[in-house]
Number of protein chains: 2
Amino acid sequence: MSPLENKPLIDLEALFKISYGLYVVCSKNGEKLNGYISNAVFQVTAEPPRLAVCCSKNNYTAELITESGKLSISVLNKDVKAGIIGAFGYKSGRDIDKFANVEYITGETGIPVVLEDSIASFECSVSQIVDVDTHLLFIAEIINRRIIDNAGEPLTYAYYRNVKKGKAPKNAPTYINPDKQ
Amino acid sequence: MSPLENKPLIDLEALFKISYGLYVVCSKNGEKLNGYISNAVFQVTAEPPRLAVCCSKNNYTAELITESGKLSISVLNKDVKAGIIGAFGYKSGRDIDKFANVEYITGETGIPVVLEDSIASFECSVSQIVDVDTHLLFIAEIINRRIIDNAGEPLTYAYYRNVKKGKAPKNAPTYINPDKQ
């Protein structure tokens, strides 16, 4: 038997070993714009290029994506200012206008694309919505992609947590209930 | 208009800005064991904790996961030796025994869990399979999780590509067709 077999089998730290980036995911329906901070973005197919994005059903942006079938993803820069994450990550767009002081454009699909503190962006059209109880998984085909700052490095979730001391908000798939720690 | 609006909209480099880790994903059906290297793993729900894993339909492991409903994920160490990635990443388990020279255990769900060059592992039970044309997305509930080496850092795809000069194999969701570059 390997000595490693004796390692404890329930270890909350294990989930911290999964690597992620951090992104602003936006959408729009009619006049309503919104966006949120997501770590849960990955590529699922190469041809055609499609991304999967996981979003809490409680997020206002999930409603807008479901209604419009469109989403944008901006890859945050490692040198991101606290402002963007504060505005998009911890407040609801039902209460505030998250875009009031943020540099963004209206993309060719008509939805907002955040440029500020971002190094690349994607506009996507949703092809499938998968219900995973508390969250929705949007499978979305890339309509266009853009490099905003090729010299910039992507912000990783590990860097955000370890260096910037950020925590996952309640709607994140990676949220840790403090009562369970 | 922002000067950033003039950035080209089709830029293959943009997809390199998405952050990933690298993992060995394994399964077993009857006497058949197999595993492959994946970058496409993320958490989709917190309660219960579930992971999504994207796997090419061409991968032998996809067959075994579909048949058994079980998978394991080992998070590779940044200091991984070339051997593990070579054995699991670029060859088919239909032709070779990938486990011949690798340290692994049989987990409590009966499937192999690679320990070598890994810092954490998960055993999971598949709750949903999503068909995304060329790939399958396995939504899998975590049965157990284990820290193997808490001091080790996870291998990221960026580090593997930039420092170790590794490339995505043909079945990866992130595969770049050289004819299109």
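On a predicted model such as this, the values are computed, not experimentally measured, just so you know.

Peer 1: What is the right way to look at the overall build of chain A in this model?
Peer 2: A count of helices and strands for chain A gives three helices and nine strands. Shown N-terminal to C-terminal, the secondary structure of chain A runs as helices and strands in the order β-β-β-β-α-β-α-β-β-β-β-α. Taking 2.2 N^0.38 as the reference for a compact globule, 181 residues should give roughly 16 Å; the C-alpha atoms of chain A span a radius of gyration of 17 Å, in line with that estimate. For the C-alpha atoms alone, the extent of chain A along its principal axes is close to 60 × 35 × 35 Å. Across the 181 residues of chain A, 49% fall into the buried class.

Peer 1: Just checking my understanding: could you explain the sheet that holds strand 1 (residues 23-29) of chain B for this structure?
Peer 2: One key point about sheets: their strands pair by backbone hydrogen bonds, in either a parallel or an antiparallel sense. Residues and elements named next belong to chain B. Here we have seven strands laid out as an open sheet, ordered 2-1-5-8-9-4-3, and antiparallel in their pairing. One side of each edge strand has no neighbouring strand; the edge strands of this open sheet are strand 2 (32-38) and strand 3 (41-45). Direction aside, the axes of adjacent strands within the sheet are offset by 35° on average. Here seven bridges tie strand 1 to strand 2, and the two strands are oriented antiparallel to one another. Opposite Ser27, over in strand 2, you have Asn34 as the bridge partner. Here helix 1 (residues 60-68) sits on the sheet in contact with strand 1, strand 2, strand 4 (50-56), strand 5 (70-76), strand 8 (118-132) and strand 9 (135-147), set at roughly 55° to strand 1. Along the sheet, helix 2 (residues 82-89) makes contact with strand 1 and strand 2, crossing strand 2 at roughly 115°.

Peer 1: What exactly am I supposed to notice about the interface of chain A and chain B here?
Peer 2: Put simply, an interface is often sized by how much accessible area is lost when its parts join up. Each side of the interface is counted separately: chain A has 53 residues, and chain B has 53 residues. If you list the elements that add at least two residues to the side of chain A that touches chain B, you get strand 3 (41-45), strand 4 (50-56), strand 8 (118-132) and strand 9 (135-147) of chain A. Here the side of chain A that touches chain B gets seven residues from one element, more than from any other, and that element is strand 9 of chain A. Here the residues of the side of chain A that touches chain B are counted per class, giving 31 nonpolar, 11 polar and 11 charged.

Peer 1: Please explain the sheet that holds strand 3 of chain A as it appears in this structure.
Peer 2: All names here are of chain A. If you trace the seven strands from one edge of the open sheet to the other, you get 2-1-5-8-9-4-3, paired in antiparallel fashion. The open sheet is flanked by strand 2 (32-38) and strand 3, the only strands paired with a single partner. Strand-to-strand twist of the sheet, defined as the mean angle between neighbouring strand axes without regard to direction, takes the value 35°. Sheet strands touched by helix 2 (residues 82-89): strand 1 (23-29) and strand 2. Its angle to strand 2, the strand with the most contacts, is close to 115°.

Peer 1: Can you walk me through the environment of Leu33(A) in this structure?
Peer 2: Residues and elements named next belong to chain A. Relative to the elements of secondary structure, Leu33 occurs in strand 2. Judged by C-beta crowding, with 19 C-beta atoms within 10 Å, Leu33 ranks as partly exposed. Taking the C-alpha atoms as reference, Leu33 lies 12 Å from Asp95; in sequence the two are 62 residues apart.

Peer 1: Help me understand the relation of the copies chain A and chain B in this model?
Peer 2: Here two copies of a chain appear, and what relates them is a rotation about an axis with a shift along it. When chain A is fitted to chain B, the residual RMSD is 0.0 Å, and the transformation amounts to a turn of 180° plus an axial shift of 0.0 Å. In symmetry terms, the pair is related by a two-fold rotation axis. When C-alpha distances to the rotation axis are compared across chain A, the minimum falls at Tyr20(A), with a value of 2.8 Å. Looking at chain A, 100% of its interface residues are interface residues in chain B too, so the copies touch through the same face.

Peer 1: Whenever I open this one, the confidence of the model for chain A confuses me. Can you help?
Peer 2: Segments scoring low in pLDDT should not have their predicted coordinates read at a detailed level. All names here are of chain A. Overall, the prediction assigns chain A a mean pLDDT of 90, with 92% of residues at 70 or greater. Averaged pLDDT values for the elements of chain A fall to 85 in helix 2 and rise to 98 in strand 5 (residues 70-76). Here the predicted complex carries an ipTM of 0.90, next to a pTM of 0.91.

About the cut-offs
Residues numbered from 1 in each chain as written. Chains lettered and ligands numbered in written order. Predicted model: local features only at pLDDT ≥ 70, side-chain atom pairs only at ≥ 80, totals over all residues. Helix = DSSP H or I, 4+ residues; strand = E, 2+ residues; numbered from the N terminus. Rg over C-alpha atoms; globule rule 2.2 N^0.38 Å. Buried ≥ 20, exposed ≤ 12 C-beta atoms within 10 Å, placed from the backbone. Pairing = 2+ DSSP bridges. Axes fitted to C-alpha atoms, helices over the stretch in contact; angles between N-to-C directions. Contact = placed C-beta atoms within 7 Å. Nonpolar A, V, L, I, M, F, W, Y, C, P; charged D, E, K, R; others polar. Least-squares fit on C-alpha atoms with pLDDT ≥ 70 in both. pLDDT = per-residue confidence, 0-100.

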